[in-house]
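One letter stands for each residue in the lines below.
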Amino acid sequence: MLRKLFNFLALFIFLSLACLVVLLFYSKYSTLALLTKPYGKANGNYAFSWMIKERIEELWKMKSKDPEANQEGTEIPETTKKIVVPCPDNPPDLVGPLKVEFNSKWTMDGVKQEVGAPLQEGGRYMPPDCISRHKVAIIIPFRNRHEHLKHWLYYMHPILIRQQLDYGVYVINQDGDGIFNRAKLMNAGYVEALKEYDYECFVFSDVDLVPINDRNLYRCFDQPRHLAVAMDKFNYALPYNTYFGGVSSLSKSQYLKINGFPNTYWGWGGEDDDIYRRVTYRGMSISRPDSMTGRYKMIKHVRDLHNEPNPKNPGKLGQTRWTMDKDGINSLKYTVKEVVKDKLYTFITVDIEAPTR
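Source: prediction; values computed, not measured.

Hydrogen bonds along the backbone pair up the strands of a sheet, which may run parallel or antiparallel. Taken in spatial order, the three strands of this open sheet run E5-E9-E7, and their pairing is mixed. Among the strands making up the open sheet, the edge pair consists of strand E5 (209-211) and strand E7 (230-231). Bridging between E7 and strand E9 (residues 295-298) involves two bridges; their strand directions are parallel. By the bridge assignment, Met 231 is partnered in E9 with Tyr 296.

Applying the stated rule across the entire model yields 15 aromatic pairs. Consider the rings of Phe 142 and Phe 347, whose centres lie 5.6 Å apart with planes at 80°: the pair is edge-to-face. With Phe 142 in strand E2 (residues 135-142) and Phe 347 in strand E11 (residues 346-351), this residue pair connects regions lying 205 residues apart in the sequence. Arranged with centres 4.6 Å apart and planes meeting at 50°, the rings of Tyr 190 and Phe 202 form a pair that is tilted. Residue Tyr 190 is located in helix H6 (residues 182-196), and its partner Phe 202 is located in strand E4 (residues 201-205); the two are separated by 12 residues in the primary sequence. Chaining the aromatic ring pairs together yields one cluster made of Tyr 190, Phe 202, Phe 204, Tyr 255 and Phe 261. Its guanidinium or amino end placed over the ring of Phe 221, Arg 225 lies 3.9 Å from that ring's centre, counting from NZ or CZ. Between the NZ or CZ atom of Arg 321 and the centre of the ring of Tyr 281, over which it lies, the distance is 4.1 Å.

Right, let's get into the nonpolar core. Grouped together as the largest cluster of nonpolar side chains are 40 residues, with contacts concentrated most on Leu 149, Trp 152, Leu 153, Tyr 167, Val 169, Tyr 218 and Tyr 345. At eight residues, helix H5 (residues 146-162) tops the list of elements feeding residues into this core. In this view, Leu 153 contacts Met 108, Val 111, Val 115, Pro 158, Val 169, Leu 344 and Tyr 345; residues no more than four positions away in its chain are not counted. In this structure, Ala 137, Phe 202, Trp 266 and Tyr 276 belong to the second largest nonpolar core, which totals 32 residues.

Here the focus is the pairing of E11. Of all the six residues making up E11, five are buried; the element is thus mostly covered by neighbouring parts of the structure. Two elements, strand E3 (residues 166-174) and E11, share five bridges in a ladder whose sense is parallel. Bridge assignment links Tyr 170 to a residue of E11, and that residue is Thr 346. For strand E10 (residues 335-341) and E11, the ladder comprises six bridges, and the chain directions are antiparallel. When the sheet's bridge partners are listed, Thr 335 is paired in E11 with Asp 351. Where E10 folds back on E11, the antiparallel hairpin that results is connected by four residues.

Relative to the helices and strands, Asp 89 resides in the loop between helix H3 (67-73) and helix H4 (108-115). The class of Asp 89 is partly exposed, set by a relative accessible area of 42%. For Asp 89 and Gln 164, which are 75 residues apart along the polypeptide, the C-alpha to C-alpha distance reads 9.3 Å.

As a further point, take unusual backbone geometry. Its identity as a non-glycine residue notwithstanding, Asn 144 has a phi of 55°, on the positive side. Positioned with a positive phi, Glu 353 is a non-glycine residue whose angle comes to about 60°. With respect to the helices and strands, Glu 353 occurs in the segment after E11. Its relative accessible area of 51% is what places Glu 353 among the exposed residues.

With that out of the way, let us pick up the confidence of the model for the protein chain. Averaged over every residue, the pLDDT of the protein chain is 84; residues scoring 70 or more account for 75%. The low-confidence segment residues 24-53 (pLDDT under 50) makes three contacts with residues lying over four places distant or belonging to another chain. pLDDT under 50 marks residues 62-74. Its contacts with residues more than four places away, or in other chains, come to two contacts.

The next subject is the pattern of salt bridges. Summed over the entire model, instances satisfying the criterion amount to 15 salt bridges. Between Asp 214 and Arg 162 there is a salt bridge, with its nearest N and O atoms 3.0 Å apart. Remark: Arg 162 occurs in helix H5 and Asp 214 occurs in the loop between E5 and strand E6 (225-226); sequence separation between them is 52 residues. Note on Arg 162: relative accessible area 22%, which makes it partly exposed. The shortest N-O distance in the salt bridge between Asp 272 and Arg 182 comes to 2.7 Å. Of the two residues, Asp 272 sits in helix H8 (residues 271-281) while Arg 182 sits in helix H6, which places them 90 residues apart along the sequence. Accessibility classification places Asp 272 together with Arg 182 in one group, the buried group.

About the cut-offs
Residues numbered from 1 in each chain as written. Predicted model: local features only at pLDDT ≥ 70, side-chain atom pairs only at ≥ 80, totals over all residues. Heavy atoms only, no water. Pairing = 2+ DSSP bridges. Helix = DSSP H or I, 4+ residues; strand = E, 2+ residues; numbered from the N terminus. Phe/Tyr/Trp six-rings, centres within 6.5 Å; stacked < 30°, edge-to-face > 60°. Lys NZ or Arg CZ within 6 Å of the ring centre and 35° of its normal. Core = buried A, V, L, I, M, F, W, Y, C linked by side-chain atoms within 4.5 Å. Buried < 20%, exposed > 50% of the residue type's maximum accessible area, 1.4 Å probe, protein only. Contact = heavy atoms within 4.5 Å. pLDDT = per-residue confidence, 0-100. Salt bridge = Lys/Arg side-chain N within 4 Å of Asp/Glu carboxyl O.

Encoded structure:
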């Protein structure tokens with residue numbers, strides 16, 4: 001009896017295991033069939049959209065794991081690309097006649113706060129929304145004129161910005177108490193400015209002269225340009241027809257054609273007339289704005305110490321034709337003592353080997 005019961009239980013267990021194996025086998029292939037079975041036509045739209053969605057999600061996950069591929073595959077639409085064009089030849093924001101006064105109590109920090117926001121270090125500016133047609137270095141021969149410099153910077157930076165120039169301001173400070181030499185400082189400014197940028201035009205300006213019309217363009221022209229044609233000091237007229245003083249502009253090629261400026265005019269007077277002769281001796285002529293556009297106000301001051309009129313200078317003018325090829329940029333000697341980058345300007349102190357008397 002016991003033996004029969006044991007055999008029955010063994011058979012039952014064997015059949016149970018066999019059923020379980022069959023069930024598992026059937027379940028496996030049923031699931032596989034379910035997964036691999038084509039979606040029915042009745043569910044075609046839903047199934048197809050589900051498959052597309054699943055594929056897109058899979059691709060997106062792969063894309064997210066590869067940031068470099070994602071970056072390379074992304075293109076900026078053409079409509080969002082900003083096209084920078086040249087600035088117009090006639091700047092649109094010029095206002096014409098200006099009110100210029102020198103009685104305000106500006107500090108240099110006040111001037112910086114008032115006009116310095118658009119500027120880069122060193123008194124540099126480039127128009128933000130167009131490419132300037134004019135790369136201009138403004139060069140100021142200088143010594144002990146900080147009060148004048150404040151007024152010049154306050155008025156000139158807004159004018160130059162409205163003229164849409166790509167420009168920099170270089171104050172060339174003569175070191176020591178020797179005799180002043182304006183032309184040699186301007187030569188040094190030309191060299192120093194080109195060390196920093198590929199300027200194509202050079203405006204040489206006295207620090208005490210401010211234009212009262214922003215349509216007097218600080219740029220270069222087909223001929224060397226005399227800008228300060230009507231100063232209040234001379235009752236808004238030229239003191240004489242060949243006058244070339246105050247503010248002038250020359251392109252790089254024009255400047256090199258005359259071998260720059262003379263280095264031998266120590267003290268006040270003569271160098272402007274020498275430069276005028278150099279221009280004419282090289283077959284060029286002087287261009288000027290009209291007397292209304294070329295108006296200037298001069299800051300009143302007493303003559304600087306060690307810049308007295310030199311009685312030897314006028315006699316040199318008769319020799320310009322023969323001296324200009326050996327006295328100029330090709331004979332310039334000086335030493336840079338210090339370069340200071342301010343928000344409003346680049347201040348370069350130079351030793352020009354000035355005699356003491």
